[in-house]
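This is what each chain is made of:
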Amino acid sequence: MFIIRHLALGLLGALTLGAASAEPIRIAVTGPFTGSSAPMGLSMLAGVRIAAEEINLGGGIFGRRIELVERDDKADPETGKKVVQEVIEKEKVVAGLGFINTGVAMAAQRLYQDARIPVINNVATGARIVGQFKAPEFPESYLFRNSASDAIQSAMIVRDATERRHFSKLAIFHDTTAYGEQGREQLLEQLAQRNLKPVAVESFKLGTTDLSAALKRAKDAGAEAILTYAIGPELASIANGRAKLGWNVPMIGSWPLSLPNFIEAAGKNAEGARMPQTFIEEANNSRRTGFIVAYHQANQTKRIPSAVSAAQGYDSVYLLIGAMIQAGGTEGTKVRQALENLNKPVYGVITTYDHPFSAGDHEALSENMVVMGEVKNGRIAYAYADDERRSLLIQKKPKK
């Protein structure tokens, strides 16, 4: 097992004294562990487990072990509310990690807010998630995030299409989930900032397998590239349908274009698709190498199904534990305050988090910490060499 004790802020060793029988620190981990969103949920869960095991092998904190309370929300908002209510009321968790789907987060995270229990969204990217309980209406928010919001991703998608590749005639394809609808609005906003309008906007429901009519409309409208915002499996219908039309235009979309349920279902038709990524499975520094090796050893795999979800899950644990150490305990208000003013860096596999949050900003990641990935030979690689070089440097959030 790859033990990264320095990732625990250099403080774990000083805080592991205490009775071995002390009550564990119970942390909820919720996400879709079954169903079509499971590659994201299970990868996130695996990353969280690796971090928790590292901390426990180091003695835990305050002489207490980390105990994960894991629940499957099935990517369903009502199930999400039910399981979060259960972990709060019955399991007495002191913090939450997870949420993969934007709709589930928007429905269920209010339960953490009402209970004054911090939750770190470590995969869901909907632009409105973290701002659901913002000031001045809500003086305190217990919602944090260490995934790349759709505000970041939409800007990168449109910039790649218009500035790096010089396309002006663009089609938008999005699913009808809360994630897809919010993503469409973000793309439209980014295009409007450049005085552009899409030549076609097409929506589709989950489970759609034939998008030939929508694709033909976009083709006939002269689209030079397709911008996508969808959860995953349906994206293959776009790629495969485009190929059947003999329409070889690029696909540029949000991060689910990196998921196996797109890449495997689309096969050769997935090649060249580009998407924002916070983490690419490349062993290009010691921390990332150790994490990748630990993941494969723990899960008996050769490829991480959703490397982004796994890395963000892993880092979210260390952000939370760093705040608990600084707070000197697990009381929700104190942990929230510590997250808003972390006084020591947290060494993650995505980045080194240096004051990632503040009272007015609960987003850990900024655009300079995100890169463009591309499907190459059935795997996700860096789309641009300068992105990989940048990912090896410590990126600090711009001051507002």
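Residue positions within a chain follow its written sequence, with the count starting from 1. In view of the model being predicted, local features appear only for residues whose pLDDT reaches at least 70, and side-chain atom pairs are presented and counted only at 80 or more, with totals across whole chains, interfaces and linings using the full set of residues. Derived side-chain values reflect all non-hydrogen atoms in the structure, with water molecules and hydrogen atoms excluded from consideration.

1. Focus: the packing of aromatic side chains
Pairing of aromatic rings covers Phe, Tyr and the six-membered ring of Trp, with a centre-to-centre limit of 6.5 Å; geometry is then stacked below 30 degrees between planes, edge-to-face above 60, and tilted otherwise. With the rule as written, the count across this model stands at seven aromatic pairs. Where Phe 99 meets Tyr 112, the ring centres are 6.2 Å apart and the plane angle is 75°; that geometry is what we call edge-to-face. Here Phe 99, found in the loop between strand E3 (95-98) and helix H3 (102-115), pairs with Tyr 112, found in helix H3; they are 13 residues apart in sequence, far enough to count as distant. Geometrically, the ring pair formed by Tyr 179 and Tyr 229 is tilted, given 5.2 Å between the ring centres and 50° between the ring planes. Residue Tyr 179 is found in helix H5 (residues 178-192), and its partner Tyr 229 is found in strand E8 (residues 225-229); the two are separated by 50 residues along the sequence. Each member of the pair, Tyr 179 as well as Tyr 229, is classed as buried. Every member of this aromatic cluster is reached through a ring pair, and the members are Phe 279, Phe 291, Tyr 314 and Tyr 318. Put simply, DSSP marks the helices as runs of H or I at least four residues long and the strands as runs of E at least two long, and each gets a number from the N terminus on. We call a residue buried when its accessible area falls under 20% of the maximum for its residue type, exposed when it is over 50%, and partly exposed in between, using a 1.4 Å probe and counting protein chains only.

2. Here we look at the pattern of salt bridges
Just to be clear on terms, a salt bridge is a Lys or Arg side-chain nitrogen sitting within 4 Å of an Asp or Glu carboxyl oxygen. The full count for this structure, using the stated rule, is 23 salt bridges. Residues Asp 386 and Arg 164 are paired through a salt bridge, measuring 3.4 Å at the closest nitrogen-oxygen approach. Of the two residues, Asp 386 is situated in helix H12 (residues 385-391) and Arg 164 in helix H4 (residues 150-164); the sequence distance between them amounts to 222 residues. With relative accessibility at 38%, the residue Arg 164 sits in the partly exposed group.

3. Regarding the environment of Glu 331
Among the structural elements, Glu 331 can be located in the loop between helix H10 (307-327) and helix H11 (332-339). Judged by its relative accessible area of 42%, Glu 331 falls in the partly exposed class. Once the C-alpha coordinates of Glu 331 and Val 87 are considered, the two residues, 244 residues apart in sequence, prove to be 16 Å apart. Under the rule applied, a polar contact is a pair of N or O atoms within 3.5 Å (in protein, one hydrogen donor and one hydrogen acceptor; residues adjacent in sequence only if both atoms are side-chain atoms). At a separation of 3.2 Å, a polar atom in the side chain of Glu 331 contacts the main-chain amide nitrogen of Thr 333.

4. Things to note about the pairing of strand E1 (residues 25-31)
The element E1 is extensively covered by neighbouring structure, given that seven of its seven residues are classed as buried. Along E1, one buried face is formed by Ile 25, Ile 27, Val 29 and Gly 31 and the opposite face, lined by Arg 26, Ala 28 and Thr 30, is buried too. Paired strands, in this sense, are two strands between which DSSP finds at least two bridges. In this sheet, strand E2 (residues 66-72) lies alongside E1 in parallel orientation, the contact comprising seven bridges. For Ile 27, the partnering residue across the bridge sits in E2 and is Leu 68. The handedness of the E1 to E2 crossover, carried by helix H1 (residues 38-57), is right-handed. The pairing of E1 with E3 spans four bridges and is classified as parallel. Bridge assignment links Val 29 to a residue of E3, and that residue is Leu 97. By convention, a crossover is right-handed whenever its connection, traced from the first strand over the helix to the second and viewed with the strands pointing away, goes clockwise.

5. Examining the side chain of Ser 258
Looking at the secondary structure, you find Ser 258 in the loop between strand E9 (251-253) and helix H8 (260-266). For Ser 258, a relative accessible area of 10% gives the class buried. Only 2.7 Å separates the side chain of Ser 258 from the backbone oxygen of Trp 255, close enough to count as a polar contact. A distance of 3.3 Å separates the side chain of Ser 258 from the side chain of Gln 277, its partner in a polar contact.

6. Topic: the packing of H1 against H10
Here, axes are lines fitted to C-alpha atoms. For helices the fit covers the stretch in contact, and angles between N-to-C directions go from 0 to 180 degrees. Relative orientation of the contacting elements H1 and H10 amounts to 40°, with a least axis distance of 7 Å. Between H1 and H10, the angle falls in the class oblique. Between H1 and H10 lies a crossing whose hand is right-handed. For the pair formed by H1 and H10, the contact residues are Met 40, Ser 43, Met 44, Gly 47, Val 48, Ile 50, Ala 51, Ala 52, Glu 54 and Ile 55 on the first element and Ser 309, Ala 310, Gly 313, Tyr 314, Ser 316, Val 317, Tyr 318 and Ile 321 on the second. Throughout, the ten residues Ala, Val, Leu, Ile, Met, Phe, Trp, Tyr, Cys and Pro are labelled nonpolar, Asp, Glu, Lys and Arg are labelled charged, and all others, Gly among them, are labelled polar. Residues that form the contact of H1 with H10 fall into these classes: 12 nonpolar, five polar and one charged. To sort the angles, those under 35 degrees are grouped as roughly parallel, those over 145 as roughly antiparallel, those from 65 to 115 as roughly perpendicular, and the leftovers as oblique. Left-handed describes a crossing in which the near helix is turned anticlockwise from the far one by less than a right angle; the clockwise case is right-handed. Every residue pair with non-hydrogen atoms within 4.5 Å of one another is taken to be in contact.

7. Quick word on the sheet that holds strand E5 (residues 143-145)
Spatially, E2-E1-E3-E4-E5 is the arrangement adopted by the five strands of the open sheet, whose pairing is parallel. This sheet does not close on itself; its edge strands, each paired only once, are E2 and E5. Neighbour-to-neighbour, the strand axes of this sheet turn through a mean angle of 25°, independent of strand direction. Sheet analysis places strand E4 (residues 119-121) next to E5, joined by three bridges and oriented parallel.

8. Here we look at the nonpolar core
Looking at soluble globular proteins, one finds that nonpolar side chains tend to be buried together. Only buried residues count toward a nonpolar core. Its members are Ala, Val, Leu, Ile, Met, Phe, Trp, Tyr and Cys residues joined through side-chain atoms within 4.5 Å. Of all hydrophobic cores here, the largest spans 76 residues; its most connected members are Ile 27, Leu 227, Phe 279, Phe 291, Leu 320, Ile 321 and Met 324. By size, the runner-up hydrophobic cluster in this structure holds 30 residues, among which are Leu 235, Ile 263, Val 375 and Tyr 382.

9. Concerning H4
Multiplying 1.5 Å by the helix residue count minus one yields the expected span of that helix. Helix length check: H4 (15 residues) gives 19 Å between terminal C-alpha atoms against 21 Å at 1.5 Å per residue, within 8%. Where burial is concerned, most of H4 is hidden: 11 out of the 15 residues are buried. Among the residues making up H4, those that are buried are Asp 150, Ile 152, Gln 153, Ser 154, Ala 155, Met 156, Ile 157, Val 158, Asp 160, Ala 161 and Thr 162. One or two residues past the end of H4 sits His 166, with phi positive at roughly 60°.

10. Digging into the packing of H10 against H11
Viewed as axis vectors pointing N to C, H10 and H11 meet at an angle of 110°, and their least axial separation amounts to 8 Å. By the angle between their axes, H10 is roughly perpendicular relative to H11. Here H10 and H11 pass one another in a crossing that is right-handed. Contacts from Leu 319, Leu 320, Ala 323, Met 324, Gln 326 and Ala 327 of H10 reach H11 at Lys 334, Val 335, Ala 338 and Leu 339. Residues of the contact of H10 with H11, tallied by class, amount to eight nonpolar, one polar and one charged.

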